[in-house]
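Each chain, written out:
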Amino acid sequence: MVDKKDWDLSRRELMKLGIMLGAGSALGGMLPGMARAQDKTLDMWWWGEQELPGLQKFVDSSIAGYKEAAVKGMLQDTAVVISQFQTAAAAGNAPDIQFLWNGIYHMESVWLGYLQPLNGLVKEDVITASSPTLLSNFGGKTYRMGWYPLPMIWIYNKDLYDKAGLDADKAPQTWDEFLANCEKLKSAGIAPVGGGIQDGYWGEWYFGHALGQNVDSAGEVIGLFTGERDFRDPKYHEHWVKLEELKKAGFLNDEMSSTELYPGIDLIVSGKVASGLSVGARVPADSKTMKGRIGIMPMPVYGKGKLAGKPIFDSQGLGIPAKAKDPQGAAAFLEYLNSPERLKAFHEATGWIPANTGFDMSVITDPVVLDMWQRWGLAPNIPYLSNLVPGQFYEQALLPTAQQVVEGKITGEQAGELAYKVAKEWREFNPDIVENYKKWATDLGG
Amino acid sequence: MNNRSRLVPYLYVAPLVLLLAFVFGYPLVRIFEFSFKMVRGINGPWIGLRNYELVLTQDVFWESVLHNVQLLLAIPAMVVISLLVSVLLYDRIAGWKLYRIIVFVPFVLAIPIIAVVMKRIFQFNGPVNEILRWLSLDFLALDWIGSSDVALWTVMILIIWRESALGIILFLARLLSLDEALIEAAKLEGANWWQRVRYIILPQMRGVIEFYSVVSVITILAAVFAYVFIMGGGRGGPGTSTMVVELYIFNALIRTSLPGIASAASVMLFLVSVALIFPLFRARRRANADEA
């Protein structure tokens, strides 16, 4: 128990204390360097702990270790990442650093004037090394830095391939090889391919992998939304036809329609389904669980487009709002996050790789993860095409069509018709954004 | 009473009225305003009735409306189940007090919690289908949440189960306030259980049944978001099979950055709900009169 007397101060003692505090403050004010730098404050709104546990730890340690400014971090809720930022930006209260999903998820904010280009603020070599991907560019400027990568991959369970008498070390390169493998797996009583599509996201991933089979550039995809190209053209809905074929052949797992995305991937890891879609950030843990018996591959090729069979690379990122109160300070903090020491700290905190191509790979011990990073992160790759999709199309066509094809409710061709109809509706709902999309296509090679 | 003293009561309630006007009135005015604008960010140009035109010509909106209407079919089931259970509890079957607590538990639990549990239970290889297969009833082992043909009915089962709890408690409260002498007299006259329910109990419960029915209509038109959000994978799926008007509004506002469209749909939903409030008040008055 504290004795009240211990806290009693005489008037003289109180004055002494006051003089000491005053002198301390004055001295602090005179000191240059660290103490003054902390007068600078930066607000950082970020997201990612939800999909990458350990990111909070990394952000906290980065803020604690940064001496040039006091950074105040705020973890955003998934549902409001965009709306919260846009509302704040419109009201002139944007943070200095904002988390940004790739492609259209931040491009609308660019078009609304809520983000500023990073060129001229952040060193060009740092921007490039951070893997922002092509989808961060508009009007020749880059609006987003990469933070952590999301290689989009197909995986297969090597033990199940062994069980079916297949060569587990030889991933199928073509669609025909893949179908032949599926046939053998099915004969062995194994669900050949699938996962979970109840929450719809599998449909997004599938679209991102498969649409590229018949296109030559990301810009070509833009034309499907602006009306210059048409989903009813067989080459633009063939991916849904291929999905329909998998369904009709009985290759998809029977619980796929009632299972969500991540529990669906767990089915592959636990040996209940042989192959399916996944994302690179899961690989370190899944490889450990499967004792390295996980195969990683791009989608087997059936199309003739230039993007067919290429590794797909996406990244989560950070940007600087147009009305940031200290853009230079924000840029300096972004550069700090890409320093070798911080990249190492990122790996230690999350177990995952930072998006920076300068990351010291010697700390990656799992050969599966190392192989994936070399093939997807460092070799030539293509952007994730689902990030070009307008929100309305995403909700009303992209997710529903794949779900309905998987449950056998509609054909691939009907999916193309629905996609065409929704793309047309999107143009009617968003005449102002269509023009921006057309301009964006020039940055994307359209 | 002079003019000044007449004003006094209004002055007492004025702060609360102003607060309510600010909390509810201001957003309402803004929603009406936004419904006539192409909003980007927090404002946009005036476009007249264009948002309404776009909403009303979109298939997915009408599918959403149709699903809300289909869900109304749950109400007769809710009323019948609530009546049956409440009358059984009123008959004081052994352990009725415990049962009364048990049947009300679903209503106390948050919808997302029970919806998540139900979703697990109704998975294709979940407990419901496992039991059905074990009983050799494979033909009944449907893809409860993964089939477009079945998913809405599964949501309806969940709604009936949870919302009936409110009906049971409301009906039981009314039953407990009935004059037991009437029922005893009917028993002495030789009326069987069904006759007592049909001719003595039900006529006296008309008001509360109407009240519960109207509340349920409003619930199903404007408050089933949590059910469909969880059961439909957050998307009103599979496909658009569990999409309802609330989710349509949510998607327009949050996921497709179309506040103007969301506002137009909200205004229409608001007007329908307001139209239903009048029968609600009438039913409430009748229920009060019955109890008096």
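Keep in mind it's a predicted model, so treat the numbers as computed, not measured. (Residues numbered from 1 in each chain as written. Chains lettered and ligands numbered in written order. Predicted model: local features only at pLDDT ≥ 70, side-chain atom pairs only at ≥ 80, totals over all residues. Heavy atoms only, no water.)

A few points about the domain arrangement of chain A
By a widely used convention, the size of an interface equals the accessible area lost when the partners come together. Residues and elements named next belong to chain A. Heads up, the condition is: Where each domain begins and ends follows an automated or database-derived domain assignment. Between two residues, a contact is recorded if the distance between any of their heavy atoms is within 4.5 Å. We define buried area as the total accessible area lost by two parts upon association, computed with a 1.4 Å probe and summed across both. Criterion for a salt bridge: a side-chain nitrogen of Lys or Arg within 4 Å of a carboxyl oxygen of Asp or Glu. Strands here are runs of E lasting at least two residues and helices are runs of H or I lasting at least four, both read from the DSSP assignment and numbered beginning at the N terminus. Note on residue classes: Ala, Val, Leu, Ile, Met, Phe, Trp, Tyr, Cys and Pro are nonpolar, Asp, Glu, Lys and Arg are charged, and everything else, Gly too, is polar.
What the domain assignment reports for chain A is domain 1 (38–150 + 313–375) and domain 2 (151–312 + 384–443). The gap between the C-alpha centroids of domain 1 and domain 2 is 27 Å. Counting residues at the interface gives 24 residues for domain 1 and 27 residues for domain 2. Overall, the association of domain 1 and domain 2 removes approximately 2,300 Å² of surface from exposure, summing both partners, and the carbon and sulfur fraction of that is 65%. Summed over the shared surface of domain 1 and domain 2, the result is 0 salt bridges. Mapped onto the side of domain 1 that touches domain 2, the elements with two or more residues apiece are helix 6 (104–111), strand 5 (137–138), strand 7 (145–157), strand 11 (312–321) and helix 17 (367–378). In terms of residue count, the dominant contributor to the side of domain 1 that touches domain 2 is helix 6 (5 residues). Partitioned by chemical class, the residues of the side of domain 1 that touches domain 2 number 14 nonpolar, 6 polar and 4 charged.

Comments concerning the pairing of strand 7 of chain A
In the case of a regular strand, side chains alternate between the two sheet surfaces. Residue and element names in this part refer to chain A. Which entries qualify depends on this criterion: Here the term buried applies to any residue with accessible area under 20% of the maximum for its type, exposed to any over 50%, and partly exposed to those in between, with areas from a 1.4 Å probe on protein chains only. In this description, strands pair whenever DSSP reports at least two bridges between them.
Of all 13 residues in strand 7, 13 are buried; the element is thus mostly enclosed. Two elements, strand 7 and strand 11, share 7 bridges in a ladder whose sense is antiparallel. Bridge pairing links Pro149 to Ser315 in strand 11. For strand 7 and strand 9 (residues 273–279), the ladder comprises 5 bridges, and the chain directions are antiparallel. Bridged to Ile155 within strand 9 is Gly276. Alignment of strand 7 against strand 10 (residues 294–297), held across 4 bridges, turns out to be antiparallel. Among the inter-strand pairings, Asn157 is bridged to a residue of strand 10, identified as Ile294.

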